Amino acid sequence: FEKVLRDPVRGHLAWSPAEQGAYRDVYELEQRMGSTSNAAGGFAIPTHLDPTFIMDSVGTSHPFRQIARVVQLGEGGTWNGVTTAGVNLSFDTEGAEVSDDSPTLGRAAIPVYRQQGFVGASFELIDDAPNLGAEVARLFVDAVEVGESAAFTNGNGTTAPQGVVTALMAESSRWSAHSTNSTMTATDVMNAQQSLGARWQKRASWVSSLTYQNRVRALGTNYWGQTVEFGQPVSPAILGRPSYEASNMSTALSTITNTAFVYGDFTNYVIVDRVGSRVSFIPHLFGDSNRPTGSSGWHLYRRVGAECVTTTSFVLSYNPGA
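Residues numbered from 1 in each chain as written. Predicted model: local features only at pLDDT ≥ 70, side-chain atom pairs only at ≥ 80, totals over all residues. Heavy atoms only, no water.

Topic: the nonpolar core
Where a protein is soluble and globular, its nonpolar side chains tend to be buried together. Judged by nonpolar contacts, the single largest core of 23 residues is most densely connected at Val164, Phe266 and Tyr269. Taken together, the elements giving at least two residues each to this core come down to helix H3 (64-67), helix H5 (132-154), helix H6 (164-169), strand E10 (269-274), strand E12 (295-308) and strand E13 (314-318). If you tally residues by element for this core, the top one is H6, at 4 residues. Leaving out residues up to four positions away in the same chain, Tyr269 has contacts with Ala68, Arg69, Ala151, Phe152, Gln162, Gly163, Val164, Ala306, Glu307, Cys308 and Phe314. Counting residues in hydrophobic clusters, the runner-up holds 18 residues, among them Ala186, Val189, Leu219 and Phe261. (Core = buried A, V, L, I, M, F, W, Y, C linked by side-chain atoms within 4.5 Å. Buried < 20%, exposed > 50% of the residue type's maximum accessible area, 1.4 Å probe, protein only. Helix = DSSP H or I, 4+ residues; strand = E, 2+ residues; numbered from the N terminus. Contact = heavy atoms within 4.5 Å.)

Right, dumping it as structure tokens:
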């Protein structure tokens, strides 16, 4: 103990063979006996059970990092891009002066927002639960996935990334309503696709909940070839365009806020990752009196933003409500 106290990092290297053996004996005994209460972390102590953490939350699935444009921001808190409607050419007579067709430029500014989390553990739990750090890292990865799924779908764009549904709900010109309340037909799906401009059709994708993908599959054999056959994997394509599941999309068939699909070119939904994400290990936590509590913790810090740089590249298919 005195050798480690003098040098906490390398003190154990000075242990004699007998001291090393004594430490191993105590460590093995602790592993067999276990300690700490279940709620504080005892479930992870290897007595007779597997210490791997089993995720029992609902979880999530989303395709946004797969189909969106993902960029990195190296400095500052806002990514800036340039938008334009393009150039219009003219057919003129011989000798006529050409018109000034210079494009009008705009700016897309996407701020990044802090996402963070903390997991604390007593010294006893850290000593007794092998690979606790690796398990915490796995939990952080899952938490990032769940948080991004919600934000990239319905984020408010003021304290979190702007969700694609949030952006389109603010643009009524991008809506394609079902013809009948609480009903979806093949015509509603086709109308949504046909509402998208030609520029975006070749790279367009469908994004919806699994519930709506299965509603398409249930349209019946009359629409095989137009949608997807019942026996095929879950909606790999709808009307010839790729289809993806997003867990945070609506599953209901009533009110305008229950979006059936977002259809469009998702390269115009930009996700911005701020360089500098980190997971910090905090070796000592302190109580209200600023004295150590015998606990440590892991702190995840990152910043991410997202936004539709142009809503004209999307169509929001929704139920019109009662």
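From this point, things continue past the structure.
Focus: the sheet that holds strand E7 (residues 237-238)
The strand order E5-E13-E9-E6-E8-E7 describes an open sheet built from 6 strands, whose pairing is mixed. Edge positions in the sheet fall to strand E5 (175-177) and E7, since each of these pairs with one other strand and no more. (Pairing = 2+ DSSP bridges.)

So, the environment of Ser209
With respect to the secondary-structure elements, Ser209 resides in the loop between strand E6 (205-208) and helix H9 (210-217). Sequence spacing of Ser209 and Ala260 is 51 residues, and the spatial spacing of their C-alpha atoms is 7.8 Å. When near neighbours in sequence (up to four residues on either side) are disregarded, Ser209 contacts Ala246, Met249, Ser250 and Thr251. A polar contact of 2.8 Å, which involves the side chain of Ser209, links it to the backbone oxygen of Ser250. (Polar contact = N/O pair within 3.5 Å; in protein donor to acceptor, adjacent residues only side chain to side chain.)

Some words on the confidence of the model for the chain
Low pLDDT means the predicted atomic positions in that stretch should not be read closely. Residues at a pLDDT of 70 or more form 82% of the chain, whose mean pLDDT is 84. Counted against residues more than four places away or in other chains, residues 45-53, with its pLDDT under 50, gives 22 contacts. (pLDDT = per-residue confidence, 0-100.)

Concerning the pairing of E10
Within a regular strand, side chains alternate between the sheet's two faces. Counting buried residues in E10 gives 6 out of 6 residues, a clear majority hidden from the surface. Going residue by residue along E10, you find Tyr269, Ile271 and Asp273 tucked away on one face and Val270, Val272 and Arg274 tucked away on the opposite face as well. By the bridge criterion, 5 bridges tie strand E1 (residues 69-73) to E10 in an arrangement that is parallel. Counterpart to Val70 in the pairing with E10 is Ile271. Where E10 meets E12, 5 bridges bridge the pair, whose relative direction is antiparallel.

Comments concerning unusual backbone geometry
Phi is positive for Ser182, which is not a glycine, with a value near 60°. The topology assignment puts Ser182 in the loop between E5 and helix H7 (186-194). At Asn290, a position not held by glycine, the phi torsion is positive, near 65°. Position of Asn290 relative to the elements: it lies in the loop between strand E11 (278-282) and E12.

Describing the layout of surface pockets
As a volume, the largest pocket reaches approximately 330 Å³. If you trace the largest pocket, you find 16 residues lining it, with Thr83, Thr84, Trp200, Asn268 and Thr310 closest to the centre. If you list the elements that add at least two residues to the lining of the largest pocket, you get strand E2 (78-84) and helix H8 (198-201). Among the elements that make up the lining of the largest pocket, the one with the highest residue count is E2 (5 residues). (1 Å grid on protein atoms, 1.4 Å probe; cavity = no way out; pocket = protein on both sides within 12 Å on 5 of 7 lines; lining within 4 Å. Points joined across faces, edges and corners; volume = space filled by probe spheres on them.)

A closer look at the side chain of Ser250
Note on placement: Ser250 falls in the loop between strand E8 (241-245) and strand E9 (259-264). For Ser250, a relative accessible area of 14% corresponds to the buried category. Setting aside its immediate chain neighbours within four residues, Ser250 contacts Ser209, Tyr212, Asn258 and Thr259.

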